[in-house]
Amino acid sequence: MNKTQHFIEENRQRLLDELFDLLRIPSVSANPDFSEDVFEAAQFVADRLKEAGADQVEVCPTAGYPVVYGERIVDPALPTVLVYGHYDVQPADPYELWHSPPFDPEIRDGKIYARGACDDKGQVYMHVKAFEYMMRYDALPCNIKFMIEGEEEVGSANLASFIVENTERLRADVVLISDTSMIANDVPSIDSGLRGLSYLEVEVTGPNRDLHSGVYGGAVTNPINALCGMIAQMHDANGRITIPGFYEQVQELSQDQRADLNRAPFNAEAYMKDLGVTSLRGEEGYNTLERTGIRPTLDVNGIWGGYTGEGSKTVLPSKAFAKISMRLVPHQSSESATELFSRYFQSIAPPGVQVEVRPHHGGEPVVTPTDSVAFRAASLAMQDTFGVSPIPTRGGGSIPIVALFEKELGLKSVLMGFGLDSDALHSPNEHYGVFNYFKGIETIPHFFAHYARLQAGA
Ligand code: BES
Ligand code: MN
Ligand code: MN
């Protein structure tokens, strides 16, 4: 047993207890009812960072939820790693589908069940505890800065100005992020890119009030029928998005790059079984890994209108609504996708309804280098602790700040995540493997050791 493993064994229960304390705070950034809890989670992270040995710890106010900052400068001449993560979580709704309360963490089958267990409190806390270990055993070989935010799950709207106003404080050589997934516990991987996002809400208005669906049914355009028709038109028979110009900027991967992406093992049967579906469907000409990694998509995330309560009410609604997300790939831009969508959506509205498109948040797609010192350090670290070399993959999700780190601070990121796609992120019964939590704590110090050594040219 090496020193890190020994530290984990010795402190096993405490490492779990502390994470559980963080998981008990319902820091849901999307819902203002939880506002106090979001602030409390920020303070919790700040306190733990300070106890672990961070200096300059501050809960930095923003126009929204605060950013937690902390640092340890070993020697200004040494390289600096900026650790980014988020302490906010997605709403836990629908509560009734959870087998244990979302903010009362519980271990079942070796997994920690709680909202945020994987995304991203469990993964953030691995860094805090790996830092504690490095401080305690004099094993921090370079400088470290922490920037843990509280608005990732709502689009990080105030983080751009925070980083622009704090460029000096955030000066670093690389960003290290654990907020993504691996392929499997015995098939570690590192994401080398993330999709971008354009999220918007549409409102379709027909008659000026809800109508009796018998008296008026057939006489006017029903906005829900219209909305469904418009949504149905947004894909063609080959699963391609019909928005004019949508694919114009999309960068096609070379055969080599595609082959590389497909090095990741993929078992369609197991994938379907996990999701409870009998077939996989998407854009023609691409497989599932490609559809979720390197191809843009458009999905309805929610749709409502008319009567949705108990029983039935015969009503022809005045309005229909939907929330729609587009996942974007290099070199699409969130702003232009939003613009193209809006124009097209307006153009396909049938007579008798008015359409309004309201953009929510967005983020740009990113590709992170796989030939950098930091990526190599992450690969070597995972190789050390998993016993196999990680495969580079593409993550289908989005982390809006990653593109801004590059644009505003000139910093590249390494996406060394320890979750699994099957951890039910954003879903009921989110969980995080106890194995993954401890493996992360074990791997992070290896990353720092390799990174400092490689940067020094050794
Ligand atoms: N950690 C996720 C992103 C993620 C998960 C990337 C798994 C790759 C693999 C992050 O917290 C997230 O959920 N991001 C949001 C974007 C945000 C603007 C709401 C997303 O992807 O929907
Ligand atoms: Mn996350
Ligand atoms: Mn998330």
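Source: prediction; values computed, not measured.

Reading the values: the criteria
- Residues numbered from 1 in each chain as written.
- Chains lettered and ligands numbered in written order.
- Predicted model: local features only at pLDDT ≥ 70, side-chain atom pairs only at ≥ 80, totals over all residues.
- Heavy atoms only, no water.
- Donors = N, O, S within 2.8 Å, 3.2 Å for Na, K, Ca; no water.
- Tetrahedral: all angles 85-135°; square planar, octahedral: opposite > 155°, others 65-115°.
- Helix = DSSP H or I, 4+ residues; strand = E, 2+ residues; numbered from the N terminus.
- Phe/Tyr/Trp six-rings, centres within 6.5 Å; stacked < 30°, edge-to-face > 60°.
- Buried < 20%, exposed > 50% of the residue type's maximum accessible area, 1.4 Å probe, protein only.
- Lys NZ or Arg CZ within 6 Å of the ring centre and 35° of its normal.
- Pairing = 2+ DSSP bridges.
- Axes fitted to C-alpha atoms, helices over the stretch in contact; angles between N-to-C directions.
- Domains from an automatic or database assignment.
- Buried area = accessible area lost by both parts, 1.4 Å probe.
- Salt bridge = Lys/Arg side-chain N within 4 Å of Asp/Glu carboxyl O.
- Nonpolar A, V, L, I, M, F, W, Y, C, P; charged D, E, K, R; others polar.

Enquirer: Quick rundown of the coordination of the manganese ion (ligand 2)? Include the residues and the values.
Expert: All of the protein donors around the manganese ion (ligand 2) are His-86 (NE2), Asp-119 (OD), Asp-179 (OD) and Asp-179 (OD); their distances to the metal are 2.0 to 2.5 Å. In this structure, the manganese ion (ligand 2) is coordinated by six donor atoms arranged in irregular fashion, with angles at the metal of 56 to 165°. Sequence spacing of the donor residues for the manganese ion (ligand 2), all on one chain, is H-x32-D-x59-D. Separating the manganese ion (ligand 2) from the manganese ion (ligand 3) is a gap of 3.6 Å, which Asp-119 spans by donating to each of them. With His-86 in strand β3 (residues 80-86) and Asp-179 in the loop between β7 (174-177) and β8 (181-182), the pair connects residues that are 93 residues apart, well separated along the chain.

Enquirer: Which residues make up the packing of aromatic side chains, and what are the values?
Expert: Throughout the structure, instances matching the rule amount to 16 aromatic pairs. When the centroid spacing of 6.3 Å and the interplanar angle of 80° are considered together, the rings of Phe-7 and Tyr-137 count as edge-to-face. Taken together, the residues Phe-7 in helix α1 (residues 3-23) and Tyr-137 in the loop between α3 (121-136) and β6 (143-149) connect sequence positions 130 residues apart. Ring geometry for Phe-131 versus Phe-146: centroids 5.2 Å apart, planes at 70°, classification edge-to-face. Pair noted here: Phe-131 is in helix α3 and Phe-146 is in strand β6, with a separation of 15 residues, a long-range link. The class for Phe-131 is buried, based on a relative accessible area of 0%. On the accessibility criterion, Phe-146 (0% relative accessible area) is buried. Of the aromatic side chains, those joined through ring pairs into one cluster are Phe-7, Tyr-133 and Tyr-137. Just above the ring of Tyr-247 sits the side chain of Arg-240; from NZ or CZ to the centre is 4.0 Å.

Enquirer: I'd like a rundown of the sheet that holds strand β5 (residues 111-113), residues and numbers included.
Expert: Spatially, the three strands line up as an open sheet ordered β4-β5-β20, and their pairing is antiparallel. Strand pairing shows two members of the sheet lacking a second neighbour, β4 (106-108) and β20 (431-433), which therefore form its edges. Sheet twist, expressed as the average angle between the axes of neighbouring strands with direction ignored, equals 30°. With three bridges connecting them, β4 and β5 associate as antiparallel partners. Bridged to Glu-106 within β5 is Tyr-113.

Enquirer: Quick one: what's the story with the domain arrangement of the protein chain, residue by residue and with numbers?
Expert: Examined at the domain level, the protein chain breaks down into domain 1 (3-194 + 366-457) and domain 2 (196-250 + 296-363). Inter-centroid distance (C-alpha atoms) of domain 1 to domain 2 is 35 Å. Between domain 1 and domain 2, roughly 500 Å² of surface is buried when both sides are summed, and carbon and sulfur atoms account for 54% of that area. There are zero salt bridges connecting domain 1 and domain 2. When its residues are assigned to classes, the side of domain 1 that touches domain 2 shows four nonpolar, four polar and one charged.

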